[in-house]
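# Descriptive structure summary
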Amino acid sequence: MRLPDTLTHWFWHWVVRRAPRAESVRLRHKSIYVLPTAQGIGFLLVITLLWLLGTNYENNLVLASAFLLLSLMTVSVVHAFRNLSGLTLSVQRAHPAFAGEWAEFDLLLQPASGSRHEALLLGWDRDLTVEADVPHRAEHTVTLAYRARRRGWLVPERLRVQSYYPLGLFRVWSWVHLDGRALIYPAPRSSDHPPQAHLSGEVGEQLSAENQEEFQGFRPYQVGAPMAHVAWKLYAREQGLYLKDYAGYQSEQVWLDWDALPGLDQESRLSRLCFWAVEYGKTSAEYGLRLPGLDISLGRGQAHQERVLRALALYGMPEQAEGGERG
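All residue numbers refer to position in the chain's written sequence, counted from 1. The predicted nature of this model means local features are confined to residues of pLDDT at least 70 and side-chain atom pairs, given and counted, to a pLDDT of 80 or more, with totals for whole chains, interfaces and linings taken over all residues. Heavy atoms throughout the structure, all of them, feed into the side-chain values; hydrogens and water do not.

### So, helix α5 (residues 266–281)
Helical segments are the DSSP runs of H or I of at least four residues, strand segments are the runs of E of at least two, and each set is numbered from the N terminus. Multiply 1.5 Å by the residue count of a helix minus one, and that product is the helix's expected span. With 16 residues, α5 should cover 22 Å at 1.5 Å per step; its first-to-last C-alpha distance of 22 Å lies within 8% of that length. Exposure categories follow from relative accessible area, calculated using a 1.4 Å probe and restricted to protein chains: below 20% of the type maximum is buried, above 50% is exposed, and the middle band is partly exposed. Summarising burial for α5: 13 of the 16 residues are buried, a large majority. For the purposes of these results, a polar contact is taken to be a pair of N or O atoms within 3.5 Å, where, inside protein, one atom must be able to donate a hydrogen and its partner to accept one; residues adjacent in sequence count only when each atom of the pair is a side-chain atom. For α5, the N-terminal cap is aspartate 265; the gap from its side-chain oxygen to the backbone nitrogen of glutamate 267 is 3.1 Å.

### What to know about unusual backbone geometry
The residue after tyrosine 165, namely proline 166, is reached through a cis peptide bond having omega 5 degrees. For glutamate 58, which is not glycine, the phi torsion reads 50 degrees and is therefore positive. The residue arginine 137 is not glycine, and still its phi comes out positive at about 55 degrees. Topologically, arginine 137 is positioned in the loop between β7 (128–134) and β8 (140–147).

### What to know about the sheet that holds strand β5 (residues 102–110)
If you trace the four strands from one edge of the open sheet to the other, you get β1-β3-β5-β8, paired in antiparallel fashion. Each edge of the open sheet is held by one strand with a lone partner, namely β1 (24–26) and β8. If you compare each strand with its neighbour and ignore which way they point, the axes differ by 30 degrees on average. By definition, two strands form a pair when at least two bridges between them are found by DSSP. In terms of strand pairing, strand β3 (residues 88–94) meets β5 through six bridges, oriented antiparallel. Counted as the bridge partner of leucine 89 is leucine 109 from β5. For helices, the axis comes from a line fit to the C-alpha atoms of the stretch in contact; other axes are also lines fit to C-alpha atoms, and the angle between any two N-to-C directions lies between 0 and 180 degrees.

### As for the packing of α5 against helix α6 (residues 302–314)
Two numbers describe how α5 lies on α6: the axes approach to 10 Å, and their chain directions differ by 175 degrees. On the basis of the axis angle, α5 is roughly antiparallel to α6. Between α5, through Leu270, Leu273, Cys274, Ala277, Val278 and Gly281, and α6, the contact on the second element is made entirely by Gln305, Val308, Leu309 and Leu312. When residues are grouped by polarity, Ala, Val, Leu, Ile, Met, Phe, Trp, Tyr, Cys and Pro land in nonpolar, Asp, Glu, Lys and Arg in charged, and all others, Gly among them, in polar. Residue composition of the contact of α5 with α6, grouped by class: eight nonpolar, two polar and no charged. Roughly parallel means an angle under 35 degrees; roughly antiparallel, over 145; roughly perpendicular, 65 to 115; everything else is oblique. In what follows, residue pairs with any heavy atoms lying within 4.5 Å of each other are defined as contacts.

### Some details on the nonpolar core
Residues enter a nonpolar core if they are buried and are Ala, Val, Leu, Ile, Met, Phe, Trp, Tyr or Cys, with the set joined through side-chain atoms within 4.5 Å. By size, the foremost hydrophobic cluster in this structure holds 35 residues, and its most contacted members are Leu89 and Leu159. Those elements that place two or more of their residues in this core are α3 (60–84), β5, β6 (117–125), β7, β8, β10 (159–163), β11 (170–176) and β12 (182–185). If sequence neighbours within four positions are ignored, leucine 89 has contacts with Glu23, Ser24, Val25, Leu27, Leu108, Leu109, Leu122, Leu159, Val161, Val176 and Leu178. Counting residues in hydrophobic clusters, the runner-up holds 31 residues, among them Tyr185, Cys274, Ala277 and Tyr280.

### Looking at the sheet that holds β11
Strand order across the open sheet formed by five strands is β2-β11-β10-β6-β7, with antiparallel pairing between neighbours. Unpaired on one side and paired on the other, β2 (33–36) and β7 mark the two borders of the sheet. Adjacent strand axes in the sheet meet at a mean angle of 25 degrees, parallel and antiparallel pairs treated alike. Inspection of the sheet shows β10 paired to β11 by five bridges, in the antiparallel sense. Along β11, the bridge assignment pairs serine 163 with valine 172. Helix-sheet contacts for α3 involve β2, β6, β10 and β11, and the interaxial angle to β11 is about 20 degrees.

### A closer look at α6
For α6, with 13 residues, the first-to-last C-alpha span of 18 Å sits near the 18 Å given by 1.5 Å per residue. When we look at burial in α6, the residues that qualify are His304, Gln305, Val308, Leu309, Ala311, Leu312, Ala313 and Leu314. On its buried face, α6 is in contact with β9 (152–155), β12, α5, β16 (286–291) and β17 (294–299).

Shown next, in the form of structure tokens:
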């Protein structure tokens, strides 16, 4: 049964007010919820039936069994609550990802003083959870995934922490709003040739095919070509049979230019520029990026690639300099 939108909005507003977003969240009594599971309800019905039978037939042994099971259920509630109480969660690291992929977040779990936490289930998605145990007086790190639907800053919504410990009779859970964010790059889209600016004589001319050093693009398959040059990924995506084209440059300097992709919308241009930034990052070539209002000079290496990808991820999104996409 689905709750009305107004009631749902009020409920989540109430939850956020009780457990606001923070860099580190410690679970306390006001943010922990406990309800019996289907097994717990069945267990309670059995206790009720035993009590009725014991009362009706004045059988002390049956009554004692009913009270013993009721005591066990009561103790189970206390242990279920204490299993979450005092647990501290914080985002240790957020890993960048490409749009359409899963962004990973490393969460640090710290136990309450003198306690341990058993059989915890954590996840943003109901069907994608991670089980973890936090030992006594020891920290534990888990990696959780969140779907990145578009480029920019990704700030996940509420994280659910739950457990059925110790007997599965009660479900105890809490909603946690962690203040962590991951940078999401545009989804790479391949093209036959790189969006390369016109190279002047100072930058260098393309050499003959015999001097094969850098990945240049794709060209139609030719009979007799080396199998190692076949673009198998494109073939697997049913985009045709192509060969990887390699060429050398005198100075190995390439400009990835926005204006070299006419007729495409903004996201398509960014996706193709992202693809070639990733490909050139695998080589020793120096490459730069030219966007409207932004030039990134020639460079190479991981730090340079991260700078280029960051510029592509945040292009046209000044409002995301400090904020981010909410999941």
